[in-house]
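Architecture at a glance
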Amino acid sequence: MTRSGVRSLIERHGILPTPQRIEIAHILLGRAQHLSAEQIIDRLKAADSGVSKATVYNTLNLFSERGLVKEVMVDPVRKFYDSTTHPHHHFYNVDTGELADIPDDQVRFEELPDLPEGMERESVEVLIKVRSRG
Ligand SMILES: [Zn+2]
């Protein structure tokens, strides 16, 4: 995605497009991917960017609040930012720490529980944790 494409995407989500936000969005939203805050910080460093860690964390929170990215918690201390924002399923490799999408049509539900009184379903997302055998 071009920087002007990133800028207009940010604006469409009601976010002021500061240079730092554009830089972070450019890294994360270029393609379908899952990055942790630490991975984004590493990429910014590699690109000699002066964006601070605090700015990265604040910006990712803002992006997530505004629906520009989706947060995926794989365990209580590990969170990924997903550039694909609609509900979908994931494999999480506990050996490598990698998160990968599962195509929607590869997960089917035979039966789901009755919802609590007065509630409607918002989404159903599956996280399958895998590790290498043996
Ligand atoms: Zn995903």
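Residues numbered from 1 in each chain as written. Predicted model: local features only at pLDDT ≥ 70, side-chain atom pairs only at ≥ 80, totals over all residues.

1. Notes on the packing of helix α2 (residues 19-29) against helix α4 (residues 53-65)
Running from amino to carboxyl end, α2 crosses α4 at an angle of 75°, the nearest separation of the two axes being 10 Å. By the criterion of interaxial angle, the relationship of α2 to α4 is roughly perpendicular. Residue-level contacts link Q20, R21 and I24 of α2 to T55, V56 and T59 of α4. In the contact of α2 with α4, the residues fall into two nonpolar, three polar and one charged. (Axes fitted to C-alpha atoms, helices over the stretch in contact; angles between N-to-C directions. Helix = DSSP H or I, 4+ residues; strand = E, 2+ residues; numbered from the N terminus. Parallel < 35°, antiparallel > 145°, perpendicular 65-115°, else oblique. Contact = placed C-beta atoms within 7 Å. Nonpolar A, V, L, I, M, F, W, Y, C, P; charged D, E, K, R; others polar.)

2. A look at the pairing of strand β4 (residues 89-93)
Each regular strand shows side chains that alternate between the opposite faces of the sheet. Two elements, β4 and strand β5 (residues 98-102), share five bridges in a ladder whose sense is antiparallel. Across the sheet, the residue bridging to Y92 is L99, located in β5. Between the antiparallel neighbours β4 and β5 lie four residues, among them G97 with a positive phi of about 75°. Note that β4 and strand β6 (residues 127-130) share four bridges and pair parallel. By the bridge assignment, Y92 is partnered in β6 with K129. (Pairing = 2+ DSSP bridges.)

3. Structural notes on the sheet that holds strand β3 (residues 78-82)
Taken in spatial order, the three strands make up an open sheet running β1-β3-β2, and their pairing is antiparallel. In this open sheet, the two edge strands, each paired with only one partner strand, are β1 (34-35) and β2 (70-75). Note: β1 against β3, two bridges, orientation antiparallel. Within β3, the position partnered with L35 by the bridge is Y81.

4. Some thoughts on the nonpolar core
Counting 18 residues, the largest nonpolar core has I24, A25, L28, I40 and V56 as the members making the most contacts within it. A total of five residues in this core trace back to one element, the largest contributor, which is α2. If sequence neighbours within four positions are ignored, A25 has contacts with V6 and I10. (Core = buried A, V, L, I, M, F, W, Y, C linked by C-beta atoms within 7 Å. Buried ≥ 20, exposed ≤ 12 C-beta atoms within 10 Å, placed from the backbone.)

5. Section: the sheet that holds β4
Across the sheet, three strands lie side by side as β5-β4-β6; this open sheet has mixed pairing. The sheet terminates laterally at β5 and β6, the two strands that pair on one side only. Across the sheet, the mean angle from the axis of one strand to that of its neighbour is 25°, orientation sign disregarded.

6. Points about the domain arrangement of the chain
Under the domain assignment, the chain is made up of domain 1 (3-82) and domain 2 (89-130). Summarising the inter-unit geometry, the C-alpha centres of domain 1 and domain 2 are found 24 Å apart. In this complex, domain 1 contributes five residues to the contact, which on the side of domain 2 involves five residues. Counted by class, the side of domain 1 that touches domain 2 contains four nonpolar, one polar and no charged residues. (Domains from an automatic or database assignment.)

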